[in-house]
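Remarks on the overall topology
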Amino acid sequence: MNKMIGSLREAMEACQLRDGMTLSFHHHLRNGDQVLNQVLAQAAQMGIKGLTIQASSLFDVHAPLIDHIKSGVVTGIETNYMSGRIGRAVSEGVLQKPVRFRSHGGRPDAIDTGRVHIDIAFIAAPAADPMGNANGVAGPAACGSLGYAMSDARHADRVVIITDHMEPYPLMPASIGEENVDMVVKVDSIGDPKGIVSGTTRITRDPVGLTIARYAAQVIEHSGLLKPGFSFQTGAGGASLAVTQYLKPIMKRLGVTGSFGLGGITGYLVDMLEEGYFTSLMDVQCFDLRAVQSIRDNPRHQEVSATRYASPGARTAAVNSLDVVVLGATEIDTGFNVNVHTDSNGVIMGGSGGHSDTAAGAKLSMIVAPLFRARLPIVVDKVLCVTTPGDTVDVLVTQRGVAVNPARPELRDALKQGGLPVFDIGELKDMAERVTGKPALVRPQGRVVAEVEYRDQRIIDRIHSMG
Amino acid sequence: MRRTMMFVPGNNPGMLLNADVYGADALILDLEDAVAPGEKDAARVLVRNALRAFDYGSAEIIIRINPLGTPFIEDDIRAVVPLKPAMIMPTKVAGAEDIHAVSAMILEAERANGLPEGSVGLIPLLETAMGIENAYHIATADPRVKAIFLGAEDLSSDLQAIRSKENHEILYARGRVVMAARAAGVDCYDTPFTDVNDDEGLAQDAAFARAIGFTGKAVISPRHVPAVNEAFSPSEQDIAYAREVMAVIQEGERLGRGAVSLRGKMIDKPIVDRARRVLDAAEALGLGGYEHE
């Protein structure tokens, strides 16, 4: 017996795909993913309507989704992040039902507890065996960790592994275990490697970004957290990555060996592991080829599920053991609320991902951002959308200085003592506005097109359509 | 303390906007080589507006103008003097007479704008064989001259030398500029290191410039500022040694001894002078400096 099915169509028929179902997808193949488009094209051909897409993230490569919405194949989206093209279409009102945004921790919690019910999980797997054991470390579309697919595999009514690289039974290691898999489909290709991992992620060369990163590393140094066992997470953005470059010599000088690096893992964190700055990496998502190789070869670099990474309903999650997280922002307001859902016109162009989870869990959550982008100040009176509530954000770091949440007076004193240029967040806002002027307020006033579900299940904000 | 002078193209709004955040002690807002001939007007306007709109904090403002003999210099000086920069940097300066000519133009502009005469300083850029040969005369040509600055790229071309990262071809010029500046009692600045990706080469080059007596060094990339600042700042060991020197000197004075020694080494006036300079610099940079009772 094996679980091989001849084609995607046959698998969808075998799963009894019908109108109104919820289909889930993970985003480990990022902007190279071909599976979501293949499944929806097939569903459209089958005449299916009214599907809800439960995707951990959506990228521009998934733009055909917009046509499936227009034709009624898809009528609902639940996701943790959507990039610009789909975000703009949603902001323009393409979808009648509001998008439900969750976080990387909130999504698995909703699935694990049954609040979200998945009819069929289509799990793109870079390598699989005929019984459905699957991983992300082999094959032409190797992406490393499959952490975001694990709750889906455990709880969906039907689980379909879609792969372009078969290996003999038993595939090892198995990120997704056969006990949860109903069928396996081999297709020609699940993803374009160029869109999956960038090959090498690059630290920014922008001198403003480097200045921000240097300050951010100094904030960590003087936060009191840089002690043996230190743990750290940073995004893959250029300035966030650059923080690692400045943190290394400080850790060396102080003789600090960290315990773990967490989250989306890049080659820079792999270097830190191999050079002994950290003793382990907990990886929910690989961002580049170095990370993919390392998770395959280095036993100190391990895959974690999204539940273990960040779920608020887990008995414990790694974010709760995290010392420092470095995060970005499109806007931050004087109450330290952060927006990474929309651009400065209120148009959707992102989502929390793990932003609000790590901010809530980490002992020090730090936002790095230039004081102005183009002609707009980054600090505003009120963000257009609250992704991450201000009471979970500790410090804003810009090229002209840092602001500390008033709830952390001891941190403010420590940073001042350490020689950092510390200001009130209002002072940073004034500083920016002296250069840019005070921008006119733009706030979309149309109907609600998306709701932001915080990790505690509260709807903390709603995004309106333009016009 | 002016250790780093960072070039900022006068026609680049983004660079002008953030020029002061990298920690350079001085900013050279450039109207010369960074700006194409057809854009000189626009750069003058942009630099003027930047200096009116932005607070560059503690960074000293230097404006590099086009050379004598070009059609731009008079407009440059008329545009720049009302902005009250700390210094103007005349380029391709060949001799004392160039300084006299530029200084006269500045004086006229100072009078026209009701500014105190002599308020704007000069940091001539020496980048020709003639300029290097006349370094001392240039440095002493006018009280406005506060420093001289070696420009190796144009100089190497004028020398018909082969430009190299090792900088052997500018060794004489470097020595000559330091010698002239110190004899004239002004500061001297080294040519920028031009490979923006060679951090090690930068550190070595800056350390060499510091060792042979330069006051500081120009940089063409914001990323070079920290390394150059470090090379021209006293190290912790420098400061510790200087403090020991001052302590044994004071002890010697208290005991009425003429000569004192530290770990078997005679402490004479040059060593004391150097220790004072280190501690003065350390105080200016907030690195501690003199021990206060």
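Nothing here was measured: the structure is a model prediction, and the numbers come from that model. (Residues numbered from 1 in each chain as written. Chains lettered and ligands numbered in written order. Predicted model: local features only at pLDDT ≥ 70, side-chain atom pairs only at ≥ 80, totals over all residues. Heavy atoms only, no water.)

**Some remarks on the sheet that holds strand β21 (residues 379–380) of chain A**
Residue and element names in this part refer to chain A.
- If you walk across this open sheet you meet the three strands as β17-β16-β21, and the pairing is mixed. Both outer strands of the open sheet, β17 (338–339) and β21, are each paired with one neighbouring strand and no more.
- The pairing of strand β16 (residues 331–333) with β21 spans two bridges and is classified as parallel. Each bridged residue has a counterpart across the sheet, and for I332 the counterpart in β21 is V379. (Pairing = 2+ DSSP bridges. Helix = DSSP H or I, 4+ residues; strand = E, 2+ residues; numbered from the N terminus.)

**Regarding the pattern of salt bridges**
All names here are of chain A.
- One pass over the full model with this rule turns up 49 salt bridges over all chains.
- E275 is the partner of K248 in a salt bridge, and the nearest nitrogen-oxygen pair spans 3.0 Å. One end of the pair, K248, is in helix α9 (residues 238–254); the other, E275, is in the loop between α10 (267–274) and β13 (278–286), and 27 residues separate them in sequence.
- In this structure E275 comes out as partly exposed when scored by relative accessible area, which is 48%. (Salt bridge = Lys/Arg side-chain N within 4 Å of Asp/Glu carboxyl O. Buried < 20%, exposed > 50% of the residue type's maximum accessible area, 1.4 Å probe, protein only.)

**Some remarks on the interface of chain B and chain A**
- Contact residues are listed per partner, giving eleven residues for chain B and ten residues for chain A.
- Interface area, chain B with chain A, both sides summed: about 960 Å², of which 55% is carbon and sulfur.
- Of all residues in chain B, V21, Y22 and R223 of chain B give up the largest surface area on contact with chain A, accounting jointly for 49% of the area buried on that side.
- Our count for the contact surface shared by chain B and chain A stands at one salt bridge.
- For the salt bridge of D20 of chain B with R400 of chain A, the shortest nitrogen-to-oxygen distance reads 2.7 Å.
- The interface formed by chain B and chain A holds four residue pairs in polar contact (both at pLDDT 80 or more) in total. (Contact = heavy atoms within 4.5 Å. Buried area = accessible area lost by both parts, 1.4 Å probe. Polar contact = N/O pair within 3.5 Å; in protein donor to acceptor, adjacent residues only side chain to side chain.)

**Quick notes on the nonpolar core**
- Within the largest apolar cluster, 224 residues are counted, with the highest numbers of intra-cluster contacts made by M366 of chain A together with I148 of chain B.
- Here the element with the most residues in this core is helix α8 (residues 207–222) of chain A; it accounts for nine residues.
- In this structure, this core is formed jointly by two domains, domain 1 (4–196) and domain 2 (207–464) of chain A, each of which donates at least three residues.
- Those residues in contact with M366 of chain A that lie beyond four places of it in its chain are A216, V219, I220, V324, V325, V326, L327, V395 and V397 of chain A.
- Membership of the second largest hydrophobic core comes to 15 residues, among which are V245, I271, A275 and A282 of chain B. (Core = buried A, V, L, I, M, F, W, Y, C linked by side-chain atoms within 4.5 Å. Domains from an automatic or database assignment.)

**Here's the deal with unusual backbone geometry**
Residue and element names in this part refer to chain A.
- Residues Y169 and P170 are joined by a peptide bond in cis, for which omega reads -5 degrees.
- Position of P170 among the secondary structure elements: in the loop between β9 (158–163) and β10 (183–186).
- The linkage connecting M172 with the following residue, P173, adopts the cis geometry, with an omega of -10 degrees.
- Locating P173 in the fold gives a position in the loop between β9 and β10.

**Some remarks on the sheet that holds strand β11 (residues 231–234) of chain A**
Residue and element names in this part refer to chain A.
- What the nine strands build is an open sheet, ordered β14-β13-β12-β11-β15-β18-β22-β23-β24; its pairing is mixed. The open sheet is flanked by β14 (301–303) and β24 (422–423), the only strands paired with a single partner.
- Against the sheet, α10 makes contact with β11, β12 (258–265), β13 and β14, and its axis sits at roughly 160 degrees relative to β13, the strand it touches most. (Axes fitted to C-alpha atoms, helices over the stretch in contact; angles between N-to-C directions.)

**Overview of the domain arrangement of chain A**
Residues and elements named next belong to chain A.
- Domain boundaries assigned for chain A yield domain 1 (4–196) and domain 2 (207–464).
- Each of domain 1 and domain 2 has a C-alpha centre, and these two points are 28 Å apart.
- Contacts between the two partners involve 40 residues from domain 1, matched on the other side by 41 residues from domain 2.
- Both sides of the domain 1 and domain 2 interface together cover about 3200 Å² of buried area, and 50% of this is carbon and sulfur.
- Our count for the domain 1 to domain 2 interface comes out at four salt bridges.
- Across the pair R102 and E453 runs a salt bridge, and its minimum N-O distance is 3.2 Å.
- Summed over the shared surface of domain 1 and domain 2, the number is 27 residue pairs in polar contact (both at pLDDT 80 or more).
- Those elements giving two or more residues to the side of domain 1 that touches domain 2 turn out to be α4 (84–91), β5 (99–101), α5 (106–112) and α6 (150–155).
- Per element, the largest residue contribution to the side of domain 1 that touches domain 2 is five residues, and it comes from α4.

**So, the packing of aromatic side chains**
- Per the stated rule, a full pass over the model turns up seven aromatic pairs over all chains.
- Consider the rings of F25 of chain A and F122 of chain A, whose centres lie 5.8 Å apart with planes at 15 degrees: the pair is stacked. Of the two residues, F25 of chain A is situated in strand β2 (residues 22–25) and F122 of chain A in strand β6 (residues 120–125); the sequence distance between them amounts to 97 residues.
- Relative to F149 of chain B, the ring of F7 of chain B lies with its centre 6.2 Å away and its plane at 35 degrees, an arrangement referred to as tilted. One end of the pair, F7 of chain B, is in strand β1 (residues 4–9); the other, F149 of chain B, is in strand β7 (residues 147–150), with 142 residues separating them in the sequence.
- Residue classification places F149 of chain B among the buried positions, given a relative accessible area of 1%.
- An aromatic cluster of at least three residues, connected via ring pairs, comprises F230, F232 and F278 of chain A. (Phe/Tyr/Trp six-rings, centres within 6.5 Å; stacked < 30°, edge-to-face > 60°.)

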